[in-house]
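Fold and geometry: a report
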Amino acid sequence: MLIQESDLVLYNLTLQRQSNYIHSSTGNFVNADTLTKSQNSLQLCLATENHIELYDLSKRNLQKIGNDIPFFAIIKNIKTLRHPTLDIDYLVITSDSGNLSILKFVWNSDTSTLALSPLCIEPVARSEVRRLSPMEYIAVDKQSRCLMISSVEKFKFCYLLNCNNINTSNVNDSPNNGIISSPLEAIRSNFITLDLVACEMGYIDNPCFASLEMEITTSKKNRNFFHLVFYMMDLNLNCIVKKADYLLPGKPNMLIPLTDLAEYGILTNIDNNQYKNNDTTNPFVMVALEDSLLIKDLKGYYNIKVSLPKCRDHLSPAVVISHAYRSFKKQIFILLQTNYGDLFKLQIIPNQNEGNKPQCIINYFDTIPVAEQLHITTNGLLFANSETHSN
């Protein structure tokens, strides 16, 4: 293309890229056969606001894969999309460009370069600079049946995923290539979303999402009311249903999704004052409060409060800022970090003296620099993504 003298031409040149990683995600993004001889392929994706890096964790150390991938936008959030029928995992990214993107890592062994191939680019908003743009939060269903994105205020969009079309899709064919459906809206005015997570549900149950919301009041008392809201995606009726809305005490700041506790012999359903577990999954979430934790379920059977251990020298309240959990065959391992950098190990076990109701045991684990995100990998590694300290 010839450039005329009257045309305005803009060039982008990054003199020094950012070094603080604000987003991270783990998964099998690149096949192990192309990188290492190890059968267990595991990678770590680190992202700043404008570039992405990929590291290999198969050999229990950080080995960088290829080159940095620049992003000509501000990355707002990233999540891993994994499905049992897919060989590799994919990235779900929202940015200030206003697009919801599903991307795939492509490794070129001849040139030893790494690139991102778009599988789906769905326009959602004009830009992300507004608080009404649903680009701030992403929650992906554990079975990859749908995903939900949310704005800071008012809007939530839910998309159904068709992972069978991923292997045969091409971004140049159509705008969404049949991978995601049209959005289903959940509009709630006068509420600010503080966190959004996907609940653990079975294959026979509908996907469920939990949202931490703060009500905007105009009363003279100037008191903010915090709500825990459960949204369910009805796959039969193709609509979003608000299943439950609970008023929370104190000042919550984040949500922690829990796995299906019924798989560990814990009673999750109580019907007609009788203890029994039925076929319907009752999802649990953990709400982080000041100096305590609160475990809530969808059906409202339990309201378990756990106090956080605190040092005497700490004057301000301790709040959980990051977490990581790993499910084993016989127990659940949950790692929590407070704003002081203290790590706590939380276990949820059945209380045999009270009909296998959930019982929490919390112990001090370690103290590390404050991290934005924590990851416990399948090969026994703990990665702390710290924005102001070394990772």
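Scroll up a little and you will see the structure.
Here the structure is a predicted model, which means the values were calculated and not measured.

Attention now goes to the overall build of the protein. Check the secondary structure of the protein and you find zero helices and 28 strands. Long-range pairs, those at least 24 residues apart, make up 51% of the contacts in the protein between residues at least 6 apart in sequence. Looking at the protein as shown, the accessible area adds up to about 20,100 Å², and 47% of this sits on carbon and sulfur atoms.

For the rest of this paragraph, the subject is the packing of aromatic side chains. Overall, the coordinates contain six aromatic pairs when judged by the stated rule. Summarising the aromatic geometry, the rings of Phe-284 and Tyr-302 are spaced 5.8 Å apart at their centres and angled 35 degrees between planes, so their arrangement reads as tilted. Of this pair, Phe-284 sits in strand S20 (residues 284-289) while Tyr-302 sits in the loop between strand S21 (292-297) and strand S22 (303-307), and the two are 18 residues apart along the sequence. Exposure class is identical for Phe-284 and Tyr-302. Each is buried. Measuring from ring centre to ring centre gives 6.1 Å for Phe-344 and Tyr-364, while their planes differ by 75 degrees; the resulting arrangement is edge-to-face. Within this pair, whereas Phe-344 is found in strand S25 (residues 342-351), its partner Tyr-364 is found in strand S26 (residues 357-367), the two being separated by 20 residues in sequence. For Phe-344, a relative accessible area of 2% translates into the label buried. The ring of Tyr-246 has Lys-296 sitting right over it, with the charged end atom 4.5 Å from the ring centre.

The subject of this paragraph is unusual backbone geometry. One non-glycine residue, Lys-154, lies in the positive phi region at around 85 degrees. Looking at the element boundaries, Lys-154 is found in strand S12 (residues 153-160). For Asn-356, which is not glycine, the phi torsion reads 60 degrees and is therefore positive. Its place among the elements puts Asn-356 in the loop between S25 and S26.

By secondary structure assignment, the location of Asp-56 is in strand S3 (residues 51-56). Since its relative accessible area comes to 5%, Asp-56 is described here as buried. With twelve residues separating them in the primary sequence, Asp-56 and Leu-44 have C-alpha atoms 6.3 Å apart.

So, on to the nonpolar core. If you look at the biggest cluster of nonpolar residues, it comprises 26 residues, and the most contacted ones within it are Met-286, Leu-293, Ile-295, Val-320, Ile-334, Leu-346 and Ile-348. Mapped onto this core, the elements with two or more residues apiece are strand S17 (254-257), S20, S21, S22, strand S24 (332-338), S25 and S26. Those residues within four positions of Met-286 in sequence are excluded, and the remaining contacts are Met-254, Leu-255, Ile-256, Leu-258, Leu-293, Leu-294, Ile-295, Ile-334 and Leu-346. Leu-86, Leu-119, Phe-155 and Cys-163 belong to the second-largest nonpolar core, a separate cluster that totals 22 residues.

On to the sheet that holds S21, then. Pairing is antiparallel across the open sheet formed by four strands, whose spatial order is S17-S20-S21-S22. Each end of this open sheet is capped by a strand with a single partner; those strands are S17 and S22. Across the sheet, the mean angle from the axis of one strand to that of its neighbour is 25 degrees, orientation sign disregarded. For S17 and S20, the ladder comprises four bridges, and the chain directions are antiparallel. Looking at the pairing, Ile-256 lines up with Met-286 of S20.

On to the side chain of Thr-268, then. As for its position among the elements, Thr-268 is in the loop between S17 and strand S18 (270-271). With a relative accessible area of 2%, Thr-268 lands in the buried category. Polar side-chain contacts of Thr-268 include one of 3.2 Å to the side chain of Asn-269.

Within the element layout of this structure, Ser-25 appears in strand S1 (residues 23-27). Since its relative accessible area comes to 7%, Ser-25 is described here as buried. Sequence spacing of Ser-25 and Leu-46 is 21 residues, and the spatial spacing of their C-alpha atoms is 6.8 Å. Setting aside its immediate chain neighbours within four residues, Ser-25 contacts Gln-43, Leu-44, Cys-45, Ile-78, Lys-79, Thr-80 and His-375.

What follows is about the sheet that holds strand S23 (residues 320-327). Note on sheets: strands pair through backbone hydrogen bonds, and any given pair is parallel or antiparallel. Taking strand neighbours across the sheet as the criterion, the four strands line up as S23-S24-S25-S26 in an open arrangement whose pairing is antiparallel. What marks the edges here is a single partner per strand, and that holds for S23 and S26. Sheet twist, expressed as the average angle between the axes of neighbouring strands with direction ignored, equals 25 degrees. Here S24 pairs with S25 via four bridges, running antiparallel. Its bridge partner lying in S25, Ile-334 is registered against Leu-346.

Rules and cut-offs
Residues numbered from 1 in each chain as written. Predicted model: local features only at pLDDT ≥ 70, side-chain atom pairs only at ≥ 80, totals over all residues. Heavy atoms only, no water. Helix = DSSP H or I, 4+ residues; strand = E, 2+ residues; numbered from the N terminus. Contact = heavy atoms within 4.5 Å. Areas by Shrake-Rupley, 256 points an atom, 1.4 Å probe, with all protein chains shown as cover. Phe/Tyr/Trp six-rings, centres within 6.5 Å; stacked < 30°, edge-to-face > 60°. Buried < 20%, exposed > 50% of the residue type's maximum accessible area, 1.4 Å probe, protein only. Lys NZ or Arg CZ within 6 Å of the ring centre and 35° of its normal. Core = buried A, V, L, I, M, F, W, Y, C linked by side-chain atoms within 4.5 Å. Pairing = 2+ DSSP bridges. Axes fitted to C-alpha atoms, helices over the stretch in contact; angles between N-to-C directions. Polar contact = N/O pair within 3.5 Å; in protein donor to acceptor, adjacent residues only side chain to side chain.

Function-wise, these values are silent; they only describe arrangement.
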